[in-house]
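Inside the fold
What follows is each chain in one-letter form.
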Amino acid sequence: MKRVKQGGLFDMPEHLKRISKNGDPLEVLASAVDFEVFRPVLEDALGYSDGAKGGRPPYVPVAMFKILLLQAQNDLSDARTEFLIKDRLSWLRFLGFGLNEPTPDENTIRHFRNRLTAVGAIKPLFDQLDAYLRSLGYLPMGGQIVDATLVQAPRQRMTQEEKDAAKAGKTAAQIWLDEPAKAAQKDTQARWTVKFTKAKERPDGTKPPVDIAIPTFGYKDHIAIDGRHGFIRSYEATPANAHDGAMLREIVSTDNLSSEVYADTAYRSKTNEAWLKDKALTSRIHQKKPQGKPMPSNIARANAKKSIIRARVEHVFAVIKHKRGLFIRTIGLARARTKIGIANIAYNMARLVTLQARPNPRPATG
């Protein structure tokens with residue numbers, strides 16, 4: 001029997017070469033995104049000391065930020081992330097850790113994410129990525145497409161009295177005064193809402209007269225993407241019961257090279273139409289069906305044309321929610337905003353990789 005020679009540590013560079021040859025997506029990501037552009041934002045936000053007072057130095061903030069992106073890409077818990085960092089050579093290389101170096105444990109990862117949440121650093125990081133995209137020539141153009149998607153969180157078991165207290169704005173600590181352990185596990189800021197989906201046709205070809213109503217508990221990711229490149233250009237995270245139309249003025253900007261704004265009927269209101277006009281923006285929001293009357297054919301045709309463009313936003317949600325499984329496991333709106341913000345950042349980075357891989361990746365500039 002032929003004995004197989006066992007490899008050692010000195011074989012690792014060759015192993016990494018084979019990983020690269022087979023196509024390491026993280027190596028592609030690292031070549032598409034200059035992660036050093038995030039260092040000033042991270043260092044300013046976290047306020048790391050110079051080490052003069054002693055103590056164990058913190059891990060490099062850029063590496064820790066990359067870890068949060070890996071979590072968003074793979075829907076991982078902190079404990080599972082700790083294991084995979086140790087287990088995968090491609091992850092070690094992407095994060096910049098050597099084989100014999102210590103790597104962050106789950107508590108360190110959680111603490112870093114909580115610090116970013118406490119100082120409100122996610123939006124500045126998102127804005128820094130957008131500035132980087134613009135520097136590459138990916139300017140906002142093609143109009144803006146606005147939509148929102150529900151992001152589920154674990155359902156909370158509460159009595160009606162406790163639910164009423166949460167709706168009144170009381171914190172978990174105020175509701176469960178004598179049960180601090182229970183209060184720490186209760187999310188009083190997530191909300192219930194009802195999602196309506198189109199009913200499927202019956203086997204006989206007929207369709208039920210009403211849509212299906214699905215109760216959903218959690219939060220909502222409101223986004224505006226540019227119609228040309230498909231990047232998320234702005235976003236807001238809210239409890240699930242927030243009205244979509246009320247968020248239009250929070251996420252629509254005036255820096256897109258096209259004035260057109262696309263959205264579904266939930267965003268159509270006199271207030272929004274007046275605001276868009278005041279900002280010299282062109283409303284391409286779907287028109288509603290007249291109450292008690294059939295939809296006029298000209299409006300139906302106009303809505304159908306708008307839908308072709310508006311449907312591009314569904315690709316974004318398909319990646320974030322269905323492919324990557326975004327689910328809020330943290331407690332409270334602030335942490336939910338962090339999770340949603342990181343998911344949006346990770347999407348934009350993946351979108352950049354896709355665009356750069358095209359035969360002619362240079363973006364249009366006008």
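Residues numbered from 1 in each chain as written. Predicted model: local features only at pLDDT ≥ 70, side-chain atom pairs only at ≥ 80, totals over all residues. Heavy atoms only, no water.

Looking only at helices and strands, one finds 16 helices and six strands in the protein chain. Within the protein chain, buried positions represent 43% of all 366 residues. Considering only intrachain contacts with a sequence separation of at least 6, the fraction spanning at least 24 residues in the protein chain is 66%. Total accessible area on the protein chain stands at roughly 20700 Å², and carbon and sulfur atoms take up 52% of it. (Helix = DSSP H or I, 4+ residues; strand = E, 2+ residues; numbered from the N terminus. Buried < 20%, exposed > 50% of the residue type's maximum accessible area, 1.4 Å probe, protein only. Contact = heavy atoms within 4.5 Å. Areas by Shrake-Rupley, 256 points an atom, 1.4 Å probe, with all protein chains shown as cover.)

Right, let's get into the environment of threonine 354. By the secondary structure assignment, threonine 354 is in helix H16 (residues 333–356). Put simply, threonine 354 and leucine 29 are 325 residues apart on the chain and 9.8 Å apart in space, counted from C-alpha to C-alpha.

Another aspect to go through is the packing of aromatic side chains. For the structure shown, the criterion picks out seven aromatic pairs. On the numbers, 6.1 Å between centres and 45 degrees between planes, the contact of phenylalanine 35 with phenylalanine 38 is tilted. Assessed through its relative accessible area of 5%, phenylalanine 35 is described here as buried. Residue classification places phenylalanine 38 among the buried positions, given a relative accessible area of 0%. (Phe/Tyr/Trp six-rings, centres within 6.5 Å; stacked < 30°, edge-to-face > 60°.)

With that out of the way, let us pick up the pairing of strand S6 (residues 282–285). Burial along S6 is one-sided: Ser283 and Ile285 are buried, while Thr282 and Arg284, pointing the other way, are not. Following the chain from strand S5 (residues 260–263) across helix H13 (residues 270–278) to the adjacent parallel S6, one finds a crossover that is right-handed. (Right-handed = clockwise from strand over helix to strand, strands pointing away.)

What follows deals with the pattern of salt bridges. As enumerated under the stated definition, the model contains 17 salt bridges in all. The partner of glutamate 36 in a salt bridge is arginine 39, and the shortest N-O contact between them spans 2.6 Å. Judged by relative accessible area, arginine 39 falls into the partly exposed class, the value being 25%. One salt bridge in this structure joins arginine 233 and aspartate 226, with 2.9 Å as the shortest N-O distance. Via salt bridges that share partners, Asp130, Arg134, Asp226, Arg233 and Asp255 belong to a single interconnected network. (Salt bridge = Lys/Arg side-chain N within 4 Å of Asp/Glu carboxyl O.)

Looking now at the nonpolar core. Phe38 and Met349 are the most contacted members of the largest nonpolar core, which totals 72 residues. For this core, the leading source of residues is H16, giving eleven residues. Setting aside residues no more than four positions away along its own chain, phenylalanine 38 makes contact with Val33, Phe65, Leu125, Gln128, Leu129 and Met349. In this structure, Ala148, Val261, Trp275 and Leu276 belong to the second largest nonpolar core, which totals 13 residues. (Core = buried A, V, L, I, M, F, W, Y, C linked by side-chain atoms within 4.5 Å.)

With 13 residues, helix H7 (residues 106–118) should cover 18 Å at 1.5 Å per step; its first-to-last C-alpha distance of 18 Å lies within 8% of that length. Residues of H7 that are buried: Thr108, Ile109, Phe112, Arg113, Leu116 and Thr117. Lining the buried residues of H7 we find helix H3 (39–46), helix H4 (61–74), helix H5 (78–87), helix H8 (122–135) and H16. For H7, the N-terminal capping position is held by aspartate 105, with its side-chain oxygen 3.2 Å away from the main-chain nitrogen of asparagine 107. With its phi angle positive at about 65 degrees, glycine 120 sits one or two positions after the end of H7. (Expected span 1.5 Å × (residues − 1). Polar contact = N/O pair within 3.5 Å; in protein donor to acceptor, adjacent residues only side chain to side chain.)

The next point concerns the confidence of the model for the protein chain. When pLDDT is averaged along the protein chain, the result is 90; 89% of the residues meet or exceed 70. Low pLDDT, under 50, characterises residues 1–10; the stretch is placed with one contact to residues that sit more than four places away or in other chains. (pLDDT = per-residue confidence, 0-100.)

Moving on, we get to the layout of surface pockets. When its volume is computed, the largest pocket comes out at roughly 960 Å³. Around the largest pocket, the lining is made up of 26 residues, and of these Asp147, Lys195, Phe196, Asp244 and Asp264 lie nearest the centre. At the level of elements, strand S1 (144–152), strand S2 (191–197) and helix H15 (312–323) are the ones that each hand at least two residues to the lining of the largest pocket. For the lining of the largest pocket, a count of residues per class yields eight nonpolar, eight polar and ten charged. Among the residues forming the lining of the second largest pocket, the class breakdown is ten nonpolar, five polar and five charged. (1 Å grid on protein atoms, 1.4 Å probe; cavity = no way out; pocket = protein on both sides within 12 Å on 5 of 7 lines; lining within 4 Å. Points joined across faces, edges and corners; volume = space filled by probe spheres on them. Nonpolar A, V, L, I, M, F, W, Y, C, P; charged D, E, K, R; others polar.)

So, on to the packing of H4 against H7. Where H4 contacts H7, the two axes come as close as 10 Å, and the packing angle between them is 95 degrees. With respect to each other, H4 and H7 are oriented roughly perpendicular. Counted together, Pro61, Met64, Phe65, Ile67, Leu68 and Gln71 of H4 and Thr108, Ile109, Phe112, Arg113 and Leu116 of H7 form the full contact between these two elements. (Axes fitted to C-alpha atoms, helices over the stretch in contact; angles between N-to-C directions. Parallel < 35°, antiparallel > 145°, perpendicular 65-115°, else oblique.)

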